Amino acid sequence: MTQSMSSTQTRAPHQWLALTIGAVYLLVGIAGFFVTGFGGFVEHDHEQTLLGFAVNPLHNIVHILIGILGLALWSVPSRARTFGWLLVVGYGATFVFGLIAVGNPDINFLNINAADNVLHLLSALAGLAIALWPHRHAATA
């Protein structure tokens, strides 16, 4: 029992970052449905924004899935790192896609705007920090 108590008290910073990002994305995904409703699943409409970020129902679902992954993976150091790599790859690719899609409503099925692109880049960088956070080595007696 003391081992499990000590393990919850020794979470690494990258784990807390994964938890925080997961919780924020989950909440943003849920809040997004208050803006978009459930219609126009892949609609491109920059009038539908949440704090300046364009959203649509598909975009909301992606945020919810990222949030769930963060909440599911944060508690074990190696899994938190996996979540970090998922952020790097997923949001890195979404950032690149967004650079092309912002000016092209025919392919912008996630309703990405310039603010989203900045957030996606920051999310990829946060994922890199989570994935590459220095390993902590336990002291031996």
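A few points on the structure.

Conventions and cut-offs
Residues numbered from 1 in each chain as written. Predicted model: local features only at pLDDT ≥ 70, side-chain atom pairs only at ≥ 80, totals over all residues. Heavy atoms only, no water. Helix = DSSP H or I, 4+ residues; strand = E, 2+ residues; numbered from the N terminus. Expected span 1.5 Å × (residues − 1). Buried < 20%, exposed > 50% of the residue type's maximum accessible area, 1.4 Å probe, protein only. Polar contact = N/O pair within 3.5 Å; in protein donor to acceptor, adjacent residues only side chain to side chain. Axes fitted to C-alpha atoms, helices over the stretch in contact; angles between N-to-C directions. Parallel < 35°, antiparallel > 145°, perpendicular 65-115°, else oblique. Left-handed = near helix turned anticlockwise from the far one by under 90°. Contact = heavy atoms within 4.5 Å. Nonpolar A, V, L, I, M, F, W, Y, C, P; charged D, E, K, R; others polar. Core = buried A, V, L, I, M, F, W, Y, C linked by side-chain atoms within 4.5 Å. Phe/Tyr/Trp six-rings, centres within 6.5 Å; stacked < 30°, edge-to-face > 60°. Patch = residues over 30% accessible without salt bridge, like charges linked within 9 Å, V, L, I, M, F, W, Y side chains within 5 Å. Areas by Shrake-Rupley, 256 points an atom, 1.4 Å probe, with all protein chains shown as cover. Salt bridge = Lys/Arg side-chain N within 4 Å of Asp/Glu carboxyl O.

**Some thoughts on helix H5 (residues 114–132)**
Consideration 1: In a regular helix each residue adds 1.5 Å, so 19 residues correspond to 27 Å; H5 covers 27 Å between its end C-alpha atoms and thus fits that length.
Consideration 2: Turning to H5, its buried residues number three or more, namely Asp116, Asn117, His120, Ser123, Ala124, Ala126, Gly127, Ile130 and Ala131.
Consideration 3: Put simply, asparagine 113 is the residue that caps the front of H5, since its side-chain oxygen is 3.2 Å from the backbone nitrogen of alanine 115.

**Focus: the packing of helix H2 (residues 13–36) against helix H4 (residues 77–101)**
Consideration 1: Axis separation between H2 and H4 bottoms out at 9 Å; the angle between their running directions is 50°. One way to sum up the angle between H2 and H4 is to call them oblique. Note that H2 runs across H4; the crossing there is left-handed. Every residue of H4 that contacts H2 at His14, Gln15, Ala18, Ile21, Gly22 and Tyr25 is listed here: Pro77, Ala80, Arg81, Phe83, Leu87 and Tyr91.
Consideration 2: Tallied by class, the residues present in the contact of H2 with H4 amount to 8 nonpolar, 3 polar and 1 charged.

**With respect to the side chain of serine 123**
Consideration 1: Within the secondary structure layout, serine 123 lies in helix H5.
Consideration 2: Assessed through its relative accessible area of 6%, serine 123 is described here as buried.

**A look at the nonpolar core**
Consideration 1: Within the largest apolar cluster, 13 residues are counted, with the highest numbers of intra-cluster contacts made by Ala18, Ile21, Ile66, Phe83, Leu87, Tyr91 and Ile130.
Consideration 2: Those elements that place two or more of their residues in this core are H2, helix H3 (57–73), H4 and H5.
Consideration 3: Leave out the neighbours within four places in its chain, and alanine 18 touches Gly70, Trp74, Ala80, Phe83 and Ile130.

**Considerations on the packing of aromatic side chains**
Consideration 1: A complete count under the given rule lists 4 aromatic pairs for this structure.
Consideration 2: When the centroid spacing of 5.3 Å and the interplanar angle of 25° are considered together, the rings of tyrosine 25 and tyrosine 91 count as stacked. Note that tyrosine 25 is positioned in helix H2 and tyrosine 91 in helix H4, a separation of 66 residues in sequence. Each member of the pair, tyrosine 25 as well as tyrosine 91, carries the same accessibility label: buried.
Consideration 3: Aromatic side chains phenylalanine 33 and phenylalanine 38 sit 4.6 Å apart centroid to centroid with 20° between the ring planes, which places their arrangement in the stacked category.
Consideration 4: Since its relative accessible area comes to 16%, phenylalanine 33 is described here as buried.

**Describing H4**
Consideration 1: Counted at 1.5 Å a residue, the expected span for H4 with its 25 residues is 36 Å, and the 35 Å between its end C-alpha atoms agrees.
Consideration 2: For H4, the set of buried residues is Ala80, Arg81, Phe83, Gly84, Leu87, Tyr91, Thr94, Gly98 and Ala101.
Consideration 3: Contact partners of the buried residues in H4: H2, H3 and H5.

**A word on the side chain of asparagine 56**
Consideration 1: By the secondary structure assignment, asparagine 56 is in the loop between strand S2 (53–54) and H3.
Consideration 2: Among the polar contacts listed, one links the side chain of asparagine 56 to the backbone nitrogen of leucine 58, at a separation of 3.2 Å.
Consideration 3: Once you skip the residues sitting within four places of it in the chain, asparagine 56 turns out to touch Thr36, Gly40, Phe41, Val42, Glu43, Gln48, Phe109, Leu110 and Asn111.

**Side note on a nonpolar patch on the surface**
Consideration 1: The grouping of Trp85, Val118, Leu121, Leu122, Leu125, Leu128 and Leu132 at the surface amounts to a nonpolar patch, some 640 Å² of accessible area in total.
Consideration 2: In terms of residue count, H5 provides more of the nonpolar patch than any other element does, 6 residues in total.
Consideration 3: Within the element layout of this structure, valine 118 appears in helix H5.

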